[in-house]
Amino acid sequence: MKTVTDFPRKVVEFPDIGIVMPDGCRLSARVWMPKDAEAEPVPAILEHLPYRKRDGTTARDSLTHPYLAGHGYACLRVDMRGNGDSEGLMADEYTQQELSDACAVIAWAAAQPWCSGDVGMMGISWGGFNALQVAALQPPALKAIITLCSTDDRYADDIHYKGGLLLNENQGWGATMLSYSSRPPDPALVGENWRSMWLARLDNEPFLPALWLEHQTRDAYWKHGSVCEDYSAIKAATLAVGGWGDAYKNAVSRLVRGIQNAPAKGIIGPWIHKYPHFAVPEPAIGFLQEALRWWDRWLKGRATGVEDDPAMRLYLMDSVPPRDWYDERPGRWIAEPDWPSPAIATRDLFLDGSGGLADGARPGFEATIASPQDCGLFGGEYCAIWLGPDLPGDQREDDARSLCFDGQPADTAIDIVGAPVVSLSLSADRPRAMIAVRLCDVQPDGASTRITYGVLNLCHHASHEYPEDVTPGAKMAITLRLDDVAYALKPGHRLRLAISSAYWPLVWPSPEPVELTVYEGRLTLPVRAPGTGNEVDFSGPEGAPAWAAETVRTPSNSRRVERDPHTGTATLVIEDDFGAFRDCDHGLETGSVAREKWSIHPGDPLSARGETHWTETLRRGDWSVRTETFTTMHADRKHFFLSGRIEAYENEKLRFTRRFANKINRNFI
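Just so you know, these numbers come straight off a predicted model, no measurement behind them.

Asker: A description of the environment of valine 485 should follow, citing residues and the corresponding values.
Answerer: Its place among the elements puts valine 485 in strand β23 (residues 485–489). Accessibility expressed as a relative area gives 2% for valine 485, which makes it buried. Note: C-alpha distance between valine 485 and aspartate 16 (469 residues apart in sequence) is 42 Å. Discounting residues that sit within four places of it in the chain, valine 485 has contacts with Trp244, Met317, Ile416, Val417, Gly418, Ile451 and Thr452.

Here you go:
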């Protein structure tokens, strides 16, 4: 990344500006703006998050917000109520209170003497979600948004459920939020009130994984904040950005297609859950330059040409050997002027009884699969974010636990661009059953790279709102849309469709072992004519100077599968030490360690168990706090059992403990 220090306008920073909400709650904002903004007012850009501006997002904020401010914007990085240095309490994600607060901040910013009256909203993940949701509320000053790694459908494409199945990331990210929100504000900003604010947070902190687990169908809880319910409500110009290595890739296509009352464009690169100017795998792009083109057009009225950009700019990934981490993904940028694109056709491949995948309809057959419960251990993280070995590795072990259909070696390159669709006629021998389908690239040496995948709760095959038990043995027709992708299959490589009845630990297993019988099937590929070279060029990544911090403890990440030789239980062990760092400006030292264990016996779905343990530390001089948070989850045939614990220490003395225990009915899962 090129570091930029010389900007058109001199930047000043304010580490703690109070913005008082209508109910009197003070939100803390870190603000960067041109020094002469009152003499020459500028548009404002809001990022509204629970992830602690003082220490949580400061590394990325240092690269991003001073850069935009130096080009004539006021950047507001606001801690949501109940988090970081803001007052109040947080009850849940994307509440009406959260969205109302964001609207109040926008109105406040637009009224300041340094603001031109026009406001944008930007964010990744949580900040991308609420940017979309706030845009749908149409606050008058909000003219444009940039939403990254977010979704328009909270039920279909967040960390809770996928295909009507419970994602273990529901517990995983719930545990993350339990840890994140357990930390106090910084005494250097809030003064002696820090302890009372901390204890109030701890005493009121919601146990989010259990709250989310109470809603197992696509009910009103999930429709709230799902802008797909009414795309016409969005009238702010929308730039949607995603990554093929991220969990939220599907929303970009839907947003560009669905938003009709405002300009909407999409960019998807090879990245995991990161901003594209410092994203991995490479190539990163000049995202901040793209953001400036967007803001300059829609917030300043300048002719930057963004309305003439292709509807979708996509990174077409080359076929590569399977790895659980890539520093770089070879490929090329392609451009689609319109979306959906008339340049993308479909090609049907049919399953046959000999395990083949070929052109032309095939006669019916019967093929069964009863996957061991540990099928899926090599599927990687649902949402790769922590820079560890979290991507799907070689799929051969999971393929061996699946029903596989292989195509012939490709004569020419096949560019898959969009969402492959799998149509199956099948039956299940139990009333509660699931299916996982993976599309893989089988290399000449036999290595198997996962291209894309999808999962489906068969009780939801007709409706995510009104599930019904499967009739054992009865044939059903299902259509499963796999995740969006842009992938170039090399000549000589084969496509493989792998079908399994379990996919642990991505999703919670069915309550009984299940055997699926497949009678016929079709894979519909979205294909684009092969080409060469980039069809669109991005500038190289730029950013403001990096965060000035001293490394106290070096980060490390590990992911391993352990098998008990006596019981046969398989356990995925994940250890992410995020290190410890001391801010060279204000001296706060922060540290964080996360640990997860996901265990299951291959023959017993009721043996499934998830455990997490997070440690958070804050220190400055002779002041220190530490929180330890724990969650566990298991299930019987009818119920989920989810428990948690918080321990909070001040100067190594236990100040607070709290326990959570929840028994929640299984609702067709």
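Asker: Now, about the pattern of salt bridges: what can you tell me, with residues and values included?
Answerer: One pass over the structure, following the stated rule, counts 65 salt bridges. Residue arginine 481 pairs with aspartate 484 through a salt bridge whose shortest N-O separation is 3.9 Å. For arginine 481, a relative accessible area of 52% corresponds to the exposed category. According to the relative accessible area criterion, aspartate 484 is buried, its value standing at 6%. Across the salt bridge formed by arginine 582 and glutamate 589, the nearest N and O atoms sit 2.9 Å from each other. Judged by its relative accessible area of 10%, glutamate 589 falls in the buried class. Through salt bridges that share partners, Lys53, Asp61, Arg77, Asp79 and Asp85 make up one connected network.

Asker: Pulling in residues and values, what's your account of empty space enclosed by the protein?
Answerer: Applying the stated criterion across every chain yields a total of 8 cavities of 30 Å³ or more. Computed from the structure, the largest cavity encloses a volume of approximately 430 Å³. Lining the largest cavity are 28 residues, with Trp244, Gly245, Pro392, Arg450 and Ile451 positioned closest to its centre. Within the residue set of the lining of the largest cavity, elements represented by two or more residues are β21 (448–457) and β23.

Asker: I'd love a proper account of the packing of aromatic side chains, names of residues and values included.
Answerer: Counted by the stated rule, this structure contains 33 aromatic pairs. Between tryptophan 333 and phenylalanine 538, the ring centres sit 4.7 Å apart and the planes meet at 65°, which makes this aromatic pair edge-to-face. Placement of tryptophan 333 in strand β13 (residues 331–336) and of phenylalanine 538 in the loop between β25 (516–528) and β26 (542–543) is noted, with a sequence separation of 205 residues between them. You'll find tryptophan 333 and phenylalanine 538 in the same group, each marked buried. Ring geometry for tryptophan 504 against tryptophan 598: centres 6.4 Å apart, planes inclined by 75°, an arrangement best described as edge-to-face. Taken together, the residues tryptophan 504 in the loop between β24 (494–500) and β25 and tryptophan 598 in strand β30 (residues 589–601) connect sequence positions 94 residues apart. For the residue pair tryptophan 504 and tryptophan 598, the accessibility class agrees, reading buried in each case. Cluster of aromatic residues (ring-pair linked, three or more members): Tyr51, Tyr94, Trp126, Phe129, Trp173, Tyr180, Tyr248, Trp386, Phe578 and Trp614. Directly above the aromatic system of tryptophan 298 lies the positively charged group of arginine 297, at a separation of 4.3 Å from the ring centroid. Looking at arginine 432, its charged tip hangs above the ring of phenylalanine 668, at a distance of 4.6 Å from the centre.

Reading guide: rules and limits
Residues numbered from 1 in each chain as written. Predicted model: local features only at pLDDT ≥ 70, side-chain atom pairs only at ≥ 80, totals over all residues. Heavy atoms only, no water. Helix = DSSP H or I, 4+ residues; strand = E, 2+ residues; numbered from the N terminus. Buried < 20%, exposed > 50% of the residue type's maximum accessible area, 1.4 Å probe, protein only. Contact = heavy atoms within 4.5 Å. Salt bridge = Lys/Arg side-chain N within 4 Å of Asp/Glu carboxyl O. 1 Å grid on protein atoms, 1.4 Å probe; cavity = no way out; pocket = protein on both sides within 12 Å on 5 of 7 lines; lining within 4 Å. Points joined across faces, edges and corners; volume = space filled by probe spheres on them. Phe/Tyr/Trp six-rings, centres within 6.5 Å; stacked < 30°, edge-to-face > 60°. Lys NZ or Arg CZ within 6 Å of the ring centre and 35° of its normal.

Geometric descriptors of this kind do not, in isolation, establish any biological role.
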